[in-house]
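# Survey of secondary and tertiary structure
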There are 4 protein chains.
Amino acid sequence: MSYLDKLADIRHFIFDVDGVLTNGLLHVQENGELLRQMHTRDGYALKAALEQKFAVTIITGGNSQGVIKRLNGLGITHIYSGIHHKLKTLEELVHNHNLDLSTVAYMGDDLPDYECMRAVHLAACPSDAAMEIKTISQYISPVKGGEGCVRDLIEKVLKAQNKWKIE
Amino acid sequence: MSYLDKLADIRHFIFDVDGVLTNGLLHVQENGELLRQMHTRDGYALKAALEQKFAVTIITGGNSQGVIKRLNGLGITHIYSGIHHKLKTLEELVHNHNLDLSTVAYMGDDLPDYECMRAVHLAACPSDAAMEIKTISQYISPVKGGEGCVRDLIEKVLKAQNKWKIE
Amino acid sequence: MSYLDKLADIRHFIFDVDGVLTNGLLHVQENGELLRQMHTRDGYALKAALEQKFAVTIITGGNSQGVIKRLNGLGITHIYSGIHHKLKTLEELVHNHNLDLSTVAYMGDDLPDYECMRAVHLAACPSDAAMEIKTISQYISPVKGGEGCVRDLIEKVLKAQNKWKIE
Amino acid sequence: MSYLDKLADIRHFIFDVDGVLTNGLLHVQENGELLRQMHTRDGYALKAALEQKFAVTIITGGNSQGVIKRLNGLGITHIYSGIHHKLKTLEELVHNHNLDLSTVAYMGDDLPDYECMRAVHLAACPSDAAMEIKTISQYISPVKGGEGCVRDLIEKVLKAQNKWKIE
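The rules behind each value
- Residues numbered from 1 in each chain as written.
- Chains lettered and ligands numbered in written order.
- Predicted model: local features only at pLDDT ≥ 70, side-chain atom pairs only at ≥ 80, totals over all residues.
- Heavy atoms only, no water.
- Contact = heavy atoms within 4.5 Å.
- Buried area = accessible area lost by both parts, 1.4 Å probe.
- Salt bridge = Lys/Arg side-chain N within 4 Å of Asp/Glu carboxyl O.
- Polar contact = N/O pair within 3.5 Å; in protein donor to acceptor, adjacent residues only side chain to side chain.
- Helix = DSSP H or I, 4+ residues; strand = E, 2+ residues; numbered from the N terminus.
- Nonpolar A, V, L, I, M, F, W, Y, C, P; charged D, E, K, R; others polar.
- Pairing = 2+ DSSP bridges.
- Least-squares fit on C-alpha atoms with pLDDT ≥ 70 in both.
- Buried < 20%, exposed > 50% of the residue type's maximum accessible area, 1.4 Å probe, protein only.
- Phe/Tyr/Trp six-rings, centres within 6.5 Å; stacked < 30°, edge-to-face > 60°.
- Lys NZ or Arg CZ within 6 Å of the ring centre and 35° of its normal.
- pLDDT = per-residue confidence, 0-100.
- Right-handed = clockwise from strand over helix to strand, strands pointing away.

### Re the interface of chain B and chain A
Residue-level contacts link 26 residues of chain B with 24 residues of chain A. Roughly 2,100 Å² is buried in total at the junction of chain B and chain A, and carbon and sulfur atoms are behind 52% of that figure. The largest per-residue losses of area from chain B upon contact with chain A belong to Val28(B), Glu30(B) and Leu111(B), which jointly make up 32% of the total buried on that side. For the interface between chain B and chain A, the tally reads three salt bridges. We note a salt bridge from Glu132(B) to Lys159(A), for which the minimum N-O separation is 3.2 Å. Applying the counting rule to chain B against chain A returns 13 residue pairs in polar contact (both at pLDDT 80 or more). Sort the elements by how many residues they give to the side of chain B that touches chain A and strand E2 (residues 25-28) of chain B lands first, with four residues. For the side of chain B that touches chain A, the per-class residue count stands at ten nonpolar, nine polar and seven charged. For strand E3 (residues 34-39) of chain A and E2(B), the ladder comprises four bridges, and the chain directions are antiparallel. What sits directly across from Gln37(A), in E2(B), is His27(B).

Here it is, written out as structure tokens:
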């Protein structure tokens, strides 16, 4: 089954933060805080997905208040941060919140995302993902992490469903 | 009509911020503030345009006090920020401030700029603009957003009008 | 002896900071502080190396509390900062801490790393290292400093020893 | 006269900041402060030049206390900031401080550097300098501004004079 056929099935997006919604860089502050960079075009697409009634969930190993505030500002409220075993979080979503994995697109970039990406319907990654992640992805975006790979995936899904609107 | 022919008609520049005057990256602070990066060479060109009596207007969906201060420091005072419907702002400029659209070059990078770019004389975009924006642009700069695409456009217009001075 | 043969011998990693664990950029704050950027994928690999009982030591000419806190957070405690003569530090590790140079991989990018890299078993560098450093490196990573060259080296060593685990 | 022949004559380096010692990006803070990024490898080379008794002068249109502190920390004390007419500053150095232009290498990237670069012995620029600046440069570094172009120029001059030392 081609990833193109799967695009029509997606109702739920799950994203990793570092290396997907960011370029993986951590700006190290002298007090130990780690700041990230996010892309406006990803933000635009996340809002568009929510407006079209897609669910958006974030599962991240990191723990940045700034990232949470930014995502909240875009309308995203399902954010699981400081997660070391992401598959466990995914399974809890299935069991406690009736998440239907056959409707999920998951975009990750590195080994902590590996098991989740094996479990969902459509596994996607940025162009600079780890080799093992590329190997199991049905869709490898031409765009790097933090440079709009989230936008690229959302745009592909919404266009396949005729839900991508020109302003 | 080639974009080259339009260069001579421009008296007014309108710029988007994120993805045009910046590379689209938002530096996420822990308190939720979003910081941007701007390029010195764009700043040089904006000052040169003002010195040559061009009008410069900014229309942005964002809302950054830092960006406004930076632009004020360059001499730009017509800044519309936090704008969700940019076309409405453009129309108000036409109706209330006698903006003549046949003299306007507008540079944008993404869908919120789409309608404005259809309305003006010369629609321009950075090399990494969204596909739909490239499709309707008469001029696609070879330069990316935040890396001097604003300088590139201003320089082209001022040179066409013999107003680009070597210090 | 090919660098591939040396991978099996490594028990100890030594890394420079600027240009290796960072891209060499210093974010200059108005108070004179210099902030760095580090990559999440390097952090993942450093933790994996420690979990597999490799020793990890940092020798840097810089002096950033933020970098030290970030490295501490990853579990690295052997950090020598503000070092002007790195070879002297390396020799003290040999003489006072029984460091066995025939088990050491050292990754550096510039002339202050030169003498140490001549002394160790496996000298490695990022793709954008100084020319003299590339000349004496047995392994030149295809990855730039700060973009995952540390991950690349650790991954190569751990895979050669069958210690690289998919989550 | 080739730029290679001029390398032996240089005793004095003059550098612009934005676009030369930085990549031209300004990190816009909410309070209006503009932060810059500088490269460790440029810093290494500037210290090496001073140790070999070269004079190093900075002439910049910007006005960043952080940049001044960083440069002071490297040992550079001749810093002219907030300069709008750089040629005037250069002429004052000639008349009041006996600067001998036939010993000067000047690296700039944009039009405010134009006149100074016409006046000195060796005009150099980064690979991403403005077109007019490239046209008058005897040496166009293969390296971009802020990514080590200063190191590249200093290294070339010191090597030509047999003053570039490994460690």
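### A closer look at the interface of chain C and chain A
Taken together, the contact pairs 24 residues of chain C with 26 residues of chain A. Across the chain C to chain A interface the summed buried area is about 2,100 Å²; carbon plus sulfur atoms make up 52%. The tally of links between chain C and chain A comes to three salt bridges. Of all the secondary structure elements, the ones that give two or more residues to the side of chain C that touches chain A are strand E3 (34-39), helix H3 (40-51), helix H4 (65-73) and helix H8 (149-160) of chain C. Of the residues contributing to the side of chain C that touches chain A, the split by class is six nonpolar, eight polar and ten charged.

### A word on the relation of the copies chain C and chain A
Put simply, the second copy of the chain is the first one after a rotation about an axis and a shift along it. When chain C is fitted onto chain A, the two copies agree to an RMSD of 0.0 Å after a turn of 90° and an axial shift of 0.0 Å. Here the transformation between the copies is reduced to the relation of a four-fold axis. Within chain C, the C-alpha atom positioned nearest to the axis of rotation is that of His27(C), 6.4 Å from it. Both copies present different contact surfaces, since only 8% of the interface residues of chain C are interface residues in chain A too.

### So, unusual backbone geometry
Of note in the backbone geometry, Lys53(A) takes a positive phi value of approximately 70° without being a glycine. Note on Lys53(A): relative accessible area 67%, which makes it exposed. Not every positive phi belongs to a glycine, and Asn162(B) is a case in point at roughly 60°. Along the chain, Asn162(B) turns up in the segment after helix H8 (149-160). A relative accessible area of 64% places Asn162(B) in the exposed class.

### Here's the deal with the packing of aromatic side chains
The tally for this structure, following the rule as stated, stands at 16 aromatic pairs over all chains. With centroids separated by 6.1 Å and ring planes inclined at 75°, the aromatic side chains of Tyr44(D) and Trp164(D) adopt a geometry described as edge-to-face. On the criterion of sequence distance, the pair formed by Tyr44(D) in helix H3 (residues 40-51) and Trp164(D) in the segment after helix H8 (149-160) is long-range, its members being 120 residues apart. Under the relative-accessibility criterion, Trp164(D) is labelled buried at 11%. Taken together, Phe13(A), Phe15(A) and Phe54(A) form an aromatic cluster joined through their ring pairs. For the cation-ring pair, Arg11(A) lies above Phe54(A), with the distance from its terminal atom to the ring centre recorded as 4.5 Å.

### Topic: the confidence of the model for chain A
The pLDDT averaged across chain A works out to 96; a share of 99% of its residues lies at or above 70. ipTM for the predicted complex: 0.93, alongside a pTM of 0.95.

### Observations concerning the pairing of strand E7 (residues 122-125) of chain B
Residue and element names in this part refer to chain B. Neither face of E7 is left uncovered, since the one carrying Leu122 and Ala124 and the one carrying Ala123 and Cys125 both have all their residues buried. Note: strand E6 (residues 104-107) against E7, three bridges, orientation parallel. Following the sheet pairing, Met107 is matched in E7 by Ala124. As for the winding sense of the linkage, the β-α-β connection from E6 through helix H6 (residues 114-119) to E7 is right-handed. Relative to strand E8 (residues 139-140), E7 runs parallel, the two being bridged by two bridges.

### A closer look at the environment of Tyr114(B)
Tracing the chain through its elements places Tyr114(B) in helix H6. Placed 82 residues apart in sequence, Tyr114(B) and Gly32(B) show a C-alpha to C-alpha distance of 28 Å. Not counting chain neighbours up to four residues away, the residues in contact with Tyr114(B) comprise Ile166(A), Glu132(B), Ile133(B) and Ile136(B).

### Considerations on the side chain of Arg41(A)
Within the secondary structure layout, Arg41(A) lies in helix H3 (residues 40-51). Residue Arg41(A) is classed as buried on the basis of its relative accessible area, which comes to 12%. Reaching out from Arg41(A), the side chain makes a polar contact with the backbone oxygen of Asp128(B) at a distance of 2.5 Å. Arg41(A) has contacts with Arg151(A), Gly19(B), Asp109(B), Asp110(B), Asp128(B), Ala129(B) and Ala130(B), leaving out every residue within four places of it along the chain.

### Topic: the pattern of salt bridges
Residues and elements named next belong to chain A. Considering all chains together, one arrives at 36 salt bridges over all chains under this definition. For Lys159, the salt bridge identified is with Glu155, shortest N-O distance 2.7 Å. One end of the pair, Lys159, and the other, Glu155, are both in helix H8 (residues 149-160), four residues apart, so they sit about a helical turn from each other. By relative accessible area, which is 15% here, Glu155 ends up buried.

### Considering the pairing of strand E4 (residues 55-59) of chain B
Where a strand is regular, its side chains alternate between the two sheet faces. Residue and element names in this part refer to chain B. The buried count for E4 comes to four of five residues, which makes it a mostly enclosed element. Pairing analysis gives four bridges linking strand E1 (residues 12-15) to E4, with the strands arranged parallel. Residue pairing in the sheet places Phe13 in a bridge with Val56 of E4. Here three bridges tie E4 to strand E5 (residues 78-80), and the two strands are oriented parallel to one another. Considered in E5, the bridge of Thr57 is made with His78. As a crossover connection, the stretch from E4 through helix H4 (residues 65-73) into E5 is right-handed.

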